[in-house]
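Chain and residue survey
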Amino acid sequence: MKLHNLVIVKADKGQTVVIMYKTVYVEKMHVILNDRSKFVEVEKEETLTYLSRFQSFLYRNFKSILSESEYKEIYPSASSIPVMYGLPKIHKTGSPLRPILSMVGCYNHAFAQWIG
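Read on for a plain summary of the structure. Here the structure is a predicted model, which means the values were calculated and not measured. Throughout, residues of each chain are indexed from 1 in the direction in which the sequence is written. A pLDDT threshold of at least 70 governs which residues receive local features in this predicted model, and a stricter bar of 80 or more applies before side-chain atom pairs are shown or counted, although totals over entire chains, interfaces and linings include all residues. Side-chain measures here rest on the full set of heavy atoms in the structure, leaving out hydrogens and waters.

1. What about the overall build of the protein?
Runs of E in the DSSP output that reach at least two residues are strands. Runs of H or I that reach at least four are helices, and both are numbered from the N terminus. Regarding its fold elements, the protein presents four helices and four strands. Scaling as 2.2 N^0.38, a compact globule of 116 residues should have a C-alpha radius of gyration of about 13 Å, whereas the protein reaches 19 Å, well beyond that. Projected onto its principal axes, the C-alpha positions of the protein cover 60 × 35 × 30 Å. To sort residues, take the accessible area from a 1.4 Å probe on protein chains only and compare it with the maximum for the residue type: under 20% means buried, over 50% means exposed, and anything in between is partly exposed. Within the span of the protein, comprising 116 residues, buried residues form 24% of the whole. Here the globule rule is a power law, 2.2 Å times the number of residues to the power 0.38, and the radius of gyration is based on C-alpha atoms.

Okay, here's the thing in structure tokens:
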């Protein structure tokens, strides 16, 4: 058995580790992502556009009311694309995946933590 054909992930509930074939994991993620009632394919990746707009929003609305250190803490200088992954629901038949969208590194992540 080759290990690069396997995916090791944490289960949705409990402290369990699940080992799945990579093809099964990818297939289940495709089912989730191809649901057009929840996801729409974009023609062009616009992270930098959103970053620029968000920087302008912060400057206009928060620069004058926050201390310099607070402003620097929430002001994004770069951004990454959010990452989606799935956690298997082992308590359900067929172990469907629970989609998780990780926003860590995204342009508004620090601001969301600051207001949270």
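Okay, back to it.
2. Regarding the packing of aromatic side chains
Centres within 6.5 Å make a pair out of two Phe, Tyr or Trp rings, where for Trp the six-membered ring is used; the pair is then stacked when the planes are under 30 degrees apart, edge-to-face when over 60, and tilted otherwise. In this structure the tally under the stated criterion is 10 aromatic pairs. Summarising the aromatic geometry, the rings of Tyr50 and Tyr107 are spaced 6.4 Å apart at their centres and angled 25° between planes, so their arrangement reads as stacked. Taken together, the residues span a long stretch of sequence, with Tyr50 in helix 2 (residues 47-62) and Tyr107 in the loop between strand 4 (97-102) and helix 4 (109-115) at a distance of 57 residues. Residue classification places Tyr50 among the partly exposed positions, given a relative accessible area of 41%. Counting every residue linked through ring pairs, the aromatic cluster contains Tyr50, Phe54, Phe57, Phe62, Tyr107, Phe111 and Trp114.

3. Topic: helix 1 (residues 22-33)
Every helix has an expected span of 1.5 Å times one less than the residues it contains. Its 12 residues give helix 1 an end-to-end C-alpha distance of 16 Å, which sits within 8% of 16 Å, the value for a rise of 1.5 Å per residue. Within helix 1, the full set of buried residues consists of Tyr25, Met29 and Ile32. Seen from one end, helix 1 has its buried residues packed into an arc of 55°, which puts them on one side. For helix 1, the exposed residues set more than 90 degrees away from the buried face come down to Thr23, Glu27 and Val31. Note on definitions: a residue-residue contact is assigned when non-hydrogen atoms from the two residues lie within 4.5 Å. For helix 1, the elements touching its buried residues are strand 1 (6-10), strand 2 (17-21), strand 3 (83-88) and strand 4. The arc in question is the one traced by the directions running from the helix axis out to the C-beta atoms.

4. Things to note about the pairing of strand 2
Side chains Val18 and Met20 project from strand 2 onto a buried face, and the interleaved Val17, Ile19 and Tyr21 project onto a face without burial. One ladder, built from five bridges, connects strand 1 with strand 2; its direction is antiparallel. From the neighbouring strand, Ile8 faces strand 2, where its bridge partner is Ile19. Two strands pair if DSSP finds at least two bridges between them. Counted along the chain from strand 1 to the antiparallel partner strand 2, the turn is six residues long, and its residue Gly14 has a positive phi close to 85°.

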